[in-house]
Amino acid sequence: MPSISSKGNAMPQSPIRKLVPFAEAAKKNGTKVYHLNIGQPDIKTPQVALDAVKNNTIEVLSYARSEGSEEYRTKLADYYAKNDIHVTANNIIATTGGSEALLFTIGSITDPGDEIIIPEPFYANYNGFSTASGVTVVPVISKIEDNFALPAIEDFEKLITPKTKAILICNPGNPTGYLYSKEEIEKLKQIVLKHDLFLIADEVYREFTYDGEKHNSVMALEGLEQNAIMIDSVSKRYSMCGARIGCIVSKNEEFIGTAIKFAQARLSPPTYALIASEAALETPQSYFDEVIEEYEDRRNTLISELQKINGVKVANPKGAFYCVAELPVKDSDDFAQWILEKFSDNNETVMVAPASGFYSTEGEGKNQVRIAYVLNKTDLKRSVEILKIALEKYNS
């Protein structure tokens, strides 16, 4: 029998999706499942984006440009300018989701065996993207006790080797919801300039900041033009996860020229999705104001309810729509499967994402879960109530 590649065998499972069969089985048995496991907003997609697809008069659904139309990228640059990010259409490549943007970026700046330093816990697919490219993730651990703040710069310095090509951050963070301060971004700027590294910032949750806090983009830093690479997406901003449109943004012309070759090799991003994404840029600020207010209320509800459970420790997120909670269990993978497979309360249960999959350090996060607060407040309260009852029964 032909053998599977070592790279294929090394590809990690998604901690977010690997429990789906157990959730589906629970539903078939008549159990309602509250999904706290995945960042799929329940907020309505802007009508202007949906109408752009519904009402278009395309007669031939042709290829888009590999980097996305100049009109779309120009409008995108105008959007960024409102966020103090001053770029041109030529600094932008449209991609099939933020995932492809990350794959193109890693492919453009690394060779097999190279290393990327990432504060962990981090978005689980960073492990997968790196494995697919033959790149080693070098983690620097942030702690729930510190609310997952940026680790000390000295911790980064100790990990830098001749194989280090970049530092990758998610800001605001998935899975932690941590929002990096301007001072922390400045510290990262100094270390990448000192060691001649790229600083990759996954900023897909830029709009989602709370408590009056401001997002600080790596693209707004002077002197970092040749080092900064920004990853972005329409998925969360406009509740358009299914559109699969993202982008790479950088002022480094050599990098953009290289990434375009990857874009050409996959031909183009999907035309209808580009149409919807271009139209979405016309979404009024009032839409975001209402969404942010709703998510801040949901965060407050979730954190407050979780803090009432004995033995649960939770970080307070300042952005995105996730939090990491530490549970009074030894193995959150086992607990997350058990709560779907063997537990229900009044024919209801919850689905969470085990946090070990958001670490690359063996053994870290074993008693943690990521919770996405993408449900309404009533459902969030019920979900935490179910979680409390489940923990008591699991530990009895």
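A quick note: this is a predicted structure, and the numbers were derived from the prediction, not measured. (Residues numbered from 1 in each chain as written. Predicted model: local features only at pLDDT ≥ 70, side-chain atom pairs only at ≥ 80, totals over all residues. Heavy atoms only, no water.)

Colleague: Please explain the UniProt feature "domain: Aminotransferase class I/classII large" (unreviewed entry) in the chain as it appears in this structure.
Modeller: Per the UniProt record, the feature "domain: Aminotransferase class I/classII large" (unreviewed entry) sits at residues 32–385. Summarising residues 32–385: 35% helix, 17% strand, and an end-to-end C-alpha distance of 14 Å. (UniProt positions renumbered as here; feature names shortened; annotations may be inferred. Helix = DSSP H or I, 4+ residues; strand = E, 2+ residues; numbered from the N terminus.)

Colleague: Would you mind showing me how to read helix 11 (residues 285–306) here?
Modeller: Residue pairs three or four apart in sequence face the same way in an α-helix, which turns once every 3.6 residues. In this model, helix 11 (22 residues) spans 32 Å end to end at C-alpha, consistent with the 32 Å of a helix rising 1.5 Å per residue. Among the residues of helix 11, those classed as buried are Tyr-287, Phe-288, Val-291, Ile-292, Tyr-295, Arg-298, Arg-299, Thr-301, Leu-302, Ile-303, Glu-305 and Leu-306. The inward-facing, buried residues of helix 11 contact strand 9 (313–314), strand 10 (322–326), strand 13 (368–372) and helix 13 (377–394). (Expected span 1.5 Å × (residues − 1). Buried < 20%, exposed > 50% of the residue type's maximum accessible area, 1.4 Å probe, protein only. Contact = heavy atoms within 4.5 Å.)

Colleague: What's the story with the packing of aromatic side chains in this structure? I'm lost.
Modeller: Tallying each qualifying case throughout the model produces 19 aromatic pairs. With a centroid separation of 5.8 Å and an interplanar angle of 55°, the aromatic rings of Tyr-238 and Phe-288 are classed as tilted. Placement of the pair is Tyr-238 in the loop between strand 7 (228–233) and strand 8 (246–249) and Phe-288 in helix 11, with a sequence separation of 50 residues. Under the relative-accessibility criterion, Tyr-238 is labelled buried at 2%. Arranged with centres 5.4 Å apart and planes meeting at 85°, the rings of Tyr-287 and Phe-288 form a pair that is edge-to-face. Neither Tyr-287 nor Phe-288 differs from the other in exposure class; each is buried. Counting every residue linked through ring pairs, the aromatic cluster contains Tyr-205, Phe-208, Tyr-295, Phe-321, Tyr-322 and Tyr-373. (Phe/Tyr/Trp six-rings, centres within 6.5 Å; stacked < 30°, edge-to-face > 60°.)

Colleague: So what exactly am I meant to see when it comes to the nonpolar core here?
Modeller: Generally speaking, soluble globular proteins have nonpolar side chains that are buried together. If you look at the biggest cluster of nonpolar residues, it comprises 133 residues, and the most contacted ones within it are Tyr-80, Ile-167 and Leu-306. With 8 residues, the single largest contributor to this core is helix 11. When residues of this core are assigned to domains, at least three map to each of domain 1 (6–44 + 286–395) and domain 2 (47–281). Excluding its chain neighbours within four sequence positions, the residues that come into contact with Tyr-80 are Ile-85, Val-87, Ile-92, Arg-206, Met-230, Asp-232, Cys-247 and Val-249. (Core = buried A, V, L, I, M, F, W, Y, C linked by side-chain atoms within 4.5 Å. Domains from an automatic or database assignment.)

Colleague: Just checking my understanding: could you explain the sheet that holds strand 12 (residues 353–354) for this structure?
Modeller: Each strand in a sheet pairs with another by means of backbone hydrogen bonds, the pair being arranged parallel or else antiparallel. Spatially, 9-10-13-12 is the arrangement adopted by the 4 strands of the open sheet, whose pairing is antiparallel. Looking along the sheet, the strands with just one partner apiece sit at the ends: strand 9 and strand 12. Two strands pair when backbone bridges link them, and strand 12 and strand 13 are joined in this way by 2 bridges, in the antiparallel orientation. Looking at the pairing, Pro-354 lines up with Val-369 of strand 13. (Pairing = 2+ DSSP bridges.)

Colleague: Is there a simple way to think about the environment of Asp-331 in this case?
Modeller: For Asp-331, the position within the fold is in the loop between strand 10 and helix 12 (332–341). Judged by its relative accessible area of 26%, Asp-331 is partly exposed. Asp-331 sits 31 residues away from Glu-362 along the chain, and the two C-alpha atoms are 13 Å apart. Aside from chain neighbours lying at most four places away, what touches Asp-331 is Lys-366 and Tyr-394. For Asp-331, the side chain forms a polar contact with the main-chain nitrogen of Asp-333, separated by 2.9 Å. (Polar contact = N/O pair within 3.5 Å; in protein donor to acceptor, adjacent residues only side chain to side chain.)

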